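Coordinate analysis (summary)
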Amino acid sequence: MLRSKEFANEFEREVVTRDSDYIRKVGSAIGLDEIAVNSVVVGNDRLPPGIRLGGTLAHIARLRSVFR
């Protein structure tokens, strides 16, 4: 969202195979607040495994409305 559609698509592909450090690294690289990123990671980790991706996508969708 903050860089390009291609960057977002790559993140979407990679995030499902990497650990949460990848999320933190990308968040830092694009200038997101570290505390906010950690909050999303911790909240997502509390979700049952079968709905984690959906939970993260819902959170990102909520963020889109804030940054428009």
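Scroll up for the structure.
Residues numbered from 1 in each chain as written. Predicted model: local features only at pLDDT ≥ 70, side-chain atom pairs only at ≥ 80, totals over all residues. Heavy atoms only, no water.

1. So, the overall build of the chain
Secondary structure summary: the chain contains four helices and zero strands in total. The 68 residues of the chain split such that 12% are buried. Carbon and sulfur atoms form 57% of the exposed surface of the chain, whose accessible area is close to 5300 Å². (Helix = DSSP H or I, 4+ residues; strand = E, 2+ residues; numbered from the N terminus. Buried < 20%, exposed > 50% of the residue type's maximum accessible area, 1.4 Å probe, protein only. Areas by Shrake-Rupley, 256 points an atom, 1.4 Å probe, with all protein chains shown as cover.)

2. Some remarks on the packing of aromatic side chains
Under the criterion given, the structure shown has one aromatic pair. Here Phe 11 and Tyr 22 contribute two aromatic rings whose centre-to-centre distance is 5.7 Å and whose plane-to-plane angle is 15 degrees, an arrangement assigned as stacked. Here Phe 11, found in helix α1 (residues 5-15), pairs with Tyr 22, found in helix α2 (residues 20-29); they are 11 residues apart in sequence, far enough to count as distant. Under the relative-accessibility criterion, Tyr 22 is labelled buried at 11%. (Phe/Tyr/Trp six-rings, centres within 6.5 Å; stacked < 30°, edge-to-face > 60°.)

3. Quick notes on helix α3 (residues 34-45)
Over its 12 residues, α3 extends 16 Å from the first C-alpha to the last, a length consistent with the 16 Å expected when each residue adds 1.5 Å. For α3, the full list of buried residues reads Val 37, Val 41 and Asn 44. One side of α3 holds all its buried residues, which, seen down the axis, span an arc of 70 degrees. Residues of α3 that are exposed and angled more than 90 degrees away from the buried face: Ile 35 and Ser 39. Two or three places before Ile 35, at the start of α3, stands the capping residue Asp 33, its side-chain oxygen 3.2 Å from that residue's backbone nitrogen. (Expected span 1.5 Å × (residues − 1). Arc of directions from axis to C-beta. Polar contact = N/O pair within 3.5 Å; in protein donor to acceptor, adjacent residues only side chain to side chain.)

4. Examining a nonpolar patch on the surface
On the surface, Val 16, Leu 53 and Leu 57 cluster together into a nonpolar patch covering about 260 Å² of accessible area. Residue placement: Leu 57 occurs in helix α4 (residues 52-67). (Patch = residues over 30% accessible without salt bridge, like charges linked within 9 Å, V, L, I, M, F, W, Y side chains within 5 Å. Salt bridge = Lys/Arg side-chain N within 4 Å of Asp/Glu carboxyl O.)

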